[in-house]
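If you want the building blocks of each chain, they are given just below.
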Amino acid sequence: MKKYLLIIYLTVSCFVFGQETRTSKNLHIIDTNESYSYKADFNLSKTPAVREIITDQFGEPKSNDTDLIWTWNGSYEVSLRDGSVAINFGKSNDNNDLYLKIKNLGNRITKVIK
């Protein structure tokens, strides 16, 4: 009987602990004279809230098989997938307003995922 209970316990443990859940919050922000880069991994449950923030700022995304993507003339790319977001922005002398908008977006996302 103990043998069967052990097998059941091990099976349930493998099922419960074997599920993928991304709860860690990795955040990397690089802001140089040439570019701004933002990458974050977060709890999967925060993805809809992050999408709403990005959509409010930049409208509806384009999508491919795994990502939702917002782009504009090669100046920036925002990529969202379940549990992660990446923002890449190339700075120039004539796009400071857009840079501030992108940086504000990163700050808003950070508040939601913490």
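Refer to the structure printed above.
Rules behind the numbers
- Residues numbered from 1 in each chain as written.
- Predicted model: local features only at pLDDT ≥ 70, side-chain atom pairs only at ≥ 80, totals over all residues.
- Heavy atoms only, no water.
- Buried < 20%, exposed > 50% of the residue type's maximum accessible area, 1.4 Å probe, protein only.
- Helix = DSSP H or I, 4+ residues; strand = E, 2+ residues; numbered from the N terminus.
- Pairing = 2+ DSSP bridges.
- Phe/Tyr/Trp six-rings, centres within 6.5 Å; stacked < 30°, edge-to-face > 60°.

A. Highlighting the pairing of strand 6 (residues 84–90). Most of strand 6 is tucked away, with five of its seven residues classed as buried. In this structure, strand 2 (residues 35–41) lies alongside strand 6, joined through seven bridges in antiparallel fashion. Considered in strand 6, the bridge of Y38 is made with I87. Across six bridges, the pairing between strand 5 (residues 76–81) and strand 6 is antiparallel. Pairing of Y76 across the sheet is with F89, part of strand 6. Taking the residues that link successive antiparallel strands as the turn, the strand 5-strand 6 hairpin has two residues, and the phi of G83 there is positive, at about 85 degrees.

B. Looking closely at the packing of aromatic side chains. All told, the structure shown has three aromatic pairs when counted by the stated rule. Ring plane angle 35 degrees and centroid distance 4.6 Å describe the contact between F58 and Y76, whose orientation is recorded as tilted. A residue pair is termed long-range when its members are at least 10 positions apart, and F58 in helix 2 (residues 47–58) and Y76 in strand 5 qualify at 18 residues. The exposure classification of F58 matches that of Y76, with both residues buried. Through successive ring pairs, a cluster of aromatic residues spans Y36, F89 and Y99.

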